[in-house]
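Working through the structure, step by step
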Amino acid sequence: MELDIVEEAEQKQDLLTVDEIRQMIDLYNPCTDDYLFVLDFEKDTYYISPHALERFRLPGYYFRGVMDNLTQVVYEKDREPLIEDLNDILSSEERDSHNLIYRWLNTEDQPVWINCRGRVIRVAGRAVYMVGCINEIGRKQKADNVSGLLGESSLQLFLQNYTEKIPDGYFLRLGLDNFKSINTKLGIEYGDMVLRRMADIIGQCVHDGQRLYRIVADEFMIIDFNGGMAREASELYRNIRRALDQFVEENHYEAFVTVSGGILMCRDIQKFSYSQIMKLSEFSLTQAKQLGRNREYLFDQKDYDAFMKRKLLTQALRQSVADEFQGFEVYYQPIFHNSNGSLCGAEELMRYHTSEGMVMPGEFIPILEETGLIIPAGRWILYEALRFAKRMQETNPDFRVNVNVSYVQVMKSDVVDDIMGALKECDVRPKDLVIELTESGLIESDVYFTRLWRQLKEKGVKLALDDFGTGYSNFHYLNDLRPDIIKIDRSFTVRAIANEYEYNLLSLLSGMVRNLELKVCVEGVETEEERDKIALLPPDFSQGYFYGRPCAQDVFEEKFIRGV
Ligand code: C2E
Ligand code: CA
Ligand code: CA
């Protein structure tokens, strides 16, 4: 027994002490991106390269209570396997290695894949400590072997030199348009060849002192910190584009590839940090692509603010839909019979309130459509409108309600089922509901529209063709679809009042519509003069500020129900 202790002590003397290892880790710290560590099983302490703190949600780079504290940084689902593995090392007498791929949480609480490899040092079979290295397996490469250029993490490193003084110059972020389709159509190898050529082309166009990086698959970043101006950035972009066109031509248009460029001037970057630069340059490139691709865009704070505003509005709308439509409101605009001026019903118009005030549909309906939120929101407003109609019918039995339906609802949801279900639930007759659909949506989604149209007609729901006279006036639709009502858009009305030709067109249309036994509603009548002129047509229904503005439910009742 005594001999064993002596032997153990001798073995221990040959080992580096944990303190010595910690000193070595400190020495290595600036030389590697990996994280070195030592876990002292005897003292229950853990020491890791200090720069790990900048990346991971660790309690510190040196701490006691390994199991409890270390597991804090481990992604919840991966804690169990780690604890099992460490317990296994402790209970075993010979296991001398640890090799686990699992996830740690970074400082933003996002899981990051790591590979932790360790060597267990034992004395007389007992684990004394473990030394090892953690590396991030998902980390971006510093250089890219396809294009031969430095990659995004090199760019990040380079920009770290500029935290204090903002340089004068620009960033030009280039992105190949539709690169994915080249890979799918012509193969990855061909795609790689295009990328290499692109890198060559850009390399030939940049000047001395400018830097070039490949940031993601098909995006490159040129940095000019030599006081380059926007005009020069634009010229550089055009040179690259020209060279790329030549390459496409030389290859007989086998791969038709174009390039978009986002220019970001250093002076426009308020917070000169890597993440901000990436964000703003990405925005600029996206703008260039959205403008139609194969073109450049110069960063403009006003556009960015509008983009951010839209982003925030999108988030708020999403939240409101999740919160049972808090913030949404329905406004109603009266529609009158032209013959005797009596109230016929109302059109529902959506409104949205944020902490900063009311937002108009022109701003938020496109977002609802883009995100698909128009489906739940449209369903909600349908029920609101029908419940409102039911109440109005207590005093005005023929009261009708007009509900706008978007082409997204038509294409992506069972809107007929929704409508019929809502009518039944709210106990409203189908003929008291007018569904308004626009011409433009109709053209884009013909088959869906005609199916919906037929089904609703069969059920007895009334149909209105909205915004007639905007865009292409497809008169033949009138004959094919036979809507119950044509709603003449205000822009047409305004043109008709100002211009004799348009007026004749409108009255011709009116006559034609009447021959087809369809009804006409003129929208957007604002003044007495407009009303008088329009009255000559004459339309069947009128709607507009002159008769009544869209308003909240209680105001509507006050003004148009009790007020009569
Ligand atoms: P819309 O269906 O053509 O609705 C008529 C628009 O004209 C309304 O604008 C209304 O406030 C406005 N208006 C009415 N009378 C006059 C007038 O005399 N002069 C002028 N200048 N404007 C008048 P609003 O409420 O801003 O709605 C804009 C558009 O948003 C609507 O055009 C409709 O396309 C869409 N929208 C509104 N609510 C909904 C909804 O619940 N669902 C769907 N899918 N779209 C909606
Ligand atoms: Ca409408
Ligand atoms: Ca309209």
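This report concerns the structure included in the present document.

Procedures and definitions
- Residues numbered from 1 in each chain as written.
- Chains lettered and ligands numbered in written order.
- Predicted model: local features only at pLDDT ≥ 70, side-chain atom pairs only at ≥ 80, totals over all residues.
- Heavy atoms only, no water.
- Donors = N, O, S within 2.8 Å, 3.2 Å for Na, K, Ca; no water.
- Helix = DSSP H or I, 4+ residues; strand = E, 2+ residues; numbered from the N terminus.
- Buried < 20%, exposed > 50% of the residue type's maximum accessible area, 1.4 Å probe, protein only.
- Pairing = 2+ DSSP bridges.
- Expected span 1.5 Å × (residues − 1).
- Contact = heavy atoms within 4.5 Å.
- Axes fitted to C-alpha atoms, helices over the stretch in contact; angles between N-to-C directions.
- Parallel < 35°, antiparallel > 145°, perpendicular 65-115°, else oblique.
- Left-handed = near helix turned anticlockwise from the far one by under 90°.
- Nonpolar A, V, L, I, M, F, W, Y, C, P; charged D, E, K, R; others polar.
- Phe/Tyr/Trp six-rings, centres within 6.5 Å; stacked < 30°, edge-to-face > 60°.
- Lys NZ or Arg CZ within 6 Å of the ring centre and 35° of its normal.
- Near = heavy atom within 4 Å.
- Polar contact = N/O pair within 3.5 Å; in protein donor to acceptor, adjacent residues only side chain to side chain.
- Areas by Shrake-Rupley, 256 points an atom, 1.4 Å probe, with all protein chains shown as cover.

1. With respect to the coordination of the calcium ion (ligand 2)
By definition of the ideal shapes, four donors in a tetrahedron about a metal sit 109.5 degrees apart, and six donors in an octahedron sit 90 or 180 degrees apart. Looking at the calcium ion (ligand 2), one finds its protein donor set to be Glu347 (OE), Asn404 (OD1), Glu436 (OE) and Asp466 (OD), positioned 2.1 to 2.3 Å from the metal centre. All donors of the calcium ion (ligand 2) come from a single chain, and their spacing in sequence reads E-x56-N-x31-E-x29-D. Between the two metal centres, the calcium ion (ligand 2) and the calcium ion (ligand 3), the spacing is 4.0 Å, with Asp466 acting as a shared donor. In this pair, Glu347 sits in strand 15 (residues 343-354) while Asn404 sits in strand 17 (residues 400-404), placing the two residues 57 residues apart along the sequence. A relative accessible area of 3% places Glu347 in the buried class. With relative accessibility at 25%, the residue Asn404 sits in the partly exposed group.

2. Remarks on the pairing of strand 14 (residues 328-337)
A large share of strand 14 lies buried, amounting to 8 of its 10 residues. Bridge count between strand 14 and strand 15: 9 bridges; the pairing is antiparallel. What sits directly across from Pro334, in strand 15, is Ala346. Turn length for the strand 14-strand 15 hairpin, with the two strands adjacent in sequence and antiparallel, is 5 residues, and the turn residue Gly341 shows positive phi of about 75 degrees. Where strand 14 meets strand 23 (residues 551-552), 2 bridges bridge the pair, whose relative direction is antiparallel. Across the sheet, Tyr332 pairs through a bridge with Cys551, a residue of strand 23. Alignment of strand 14 against strand 22 (residues 541-542), held across 2 bridges, turns out to be antiparallel. In the sheet register, Phe336 faces strand 22, and the bridge partner there is Ser542.

3. Remarks on helix 7 (residues 188-205)
Its 18 residues place the ends of helix 7 25 Å apart at the C-alpha level, agreeing with the 26 Å of an ideal helix rising 1.5 Å per residue. Here helix 7 has its buried residues at Tyr190, Gly191, Val194, Leu195, Met198, Ala199, Ile201, Ile202 and Cys205.

4. Comments concerning the side chain of Asn402
Mapped onto the secondary structure, Asn402 falls in strand 17. By relative accessible area, which is 7% here, Asn402 ends up buried. With residues near it in sequence (within four places) discarded, Asn402 still touches Ile335, Ala346, Glu347, Glu348, Val434, Glu436 and Lys487.

5. Points about the packing of helix 10 (residues 301-322) against helix 11 (residues 361-371)
Contact pair helix 10 / helix 11: the axes reach a minimum separation of 10 Å and the direction vectors enclose 70 degrees. Taken together, helix 10 and helix 11 sit at an angle that is classed as roughly perpendicular. Note that helix 10 runs across helix 11; the crossing there is right-handed. In this structure, helix 10 uses Lys309, Arg310, Leu313, Thr314, Leu317 and Arg318 to contact helix 11, whose residues at the interface are Glu363, Phe364, Ile367, Leu368, Glu370 and Thr371. Taken together, the residues of the contact of helix 10 with helix 11 sort by class into 5 nonpolar, 2 polar and 5 charged.

6. Points about the coordination of the calcium ion (ligand 3)
Distances from the calcium ion (ligand 3) to its protein donors, Asp466 (OD), Asp467 (OD), Glu523 (OE) and Glu523 (OE), fall within 2.3 to 2.8 Å. Residue classification places Asp466 among the buried residues on the basis of a relative accessible area of 5%.

7. Quick word on the packing of aromatic side chains
Summed over the entire model, instances satisfying the criterion amount to 35 aromatic pairs. Summarising the aromatic geometry, the rings of Tyr47 and Tyr61 are spaced 5.7 Å apart at their centres and angled 85 degrees between planes, so their arrangement reads as edge-to-face. Of this pair, Tyr47 sits in strand 2 (residues 45-48) while Tyr61 sits in the loop between strand 2 and strand 3 (62-64), placing them 14 residues apart in sequence. Of the residues examined, Tyr47 reaches a relative accessible area of 6% and is grouped as buried. For Tyr61, a relative accessible area of 36% gives the class partly exposed. An aromatic cluster is present here, built from Tyr332, Phe336, Phe388, Phe399, Phe546, Tyr547, Phe556 and Phe560 joined pairwise through their rings. We note Arg211 situated over the ring of Phe158; from NZ or CZ to the ring centre the distance is 4.1 Å. Taking the ring centre of Tyr545 as reference, the NZ or CZ of Arg549 above it sits at 3.9 Å.

8. Concerning the site of ligand 1
For ligand 1, the set of nearby residues contains 22 residues, the closest of which are Gln333, Met350, Arg351, Glu526 and Tyr545. Between ligand 1 and Glu347, the relevant distance is 3.1 Å, taken from an oxygen atom to a side-chain nitrogen or oxygen of the residue. Side-chain polar atom of Arg351 to an oxygen atom of ligand 1: 2.9 Å apart, as the coordinates give it. When ligand 1 is considered free in solution it has 800 Å² of accessible area, and contact with the protein chains removes 80% of it. When contributions to the shell around ligand 1 are tallied by element, the ones reaching two or more residues are strand 15, helix 11 and strand 19 (462-468). Counting residues per element, the shell around ligand 1 draws most heavily on strand 15, at 5 residues. Class assignment of the residues belonging to the shell around ligand 1 gives a composition of 9 nonpolar, 5 polar and 8 charged.

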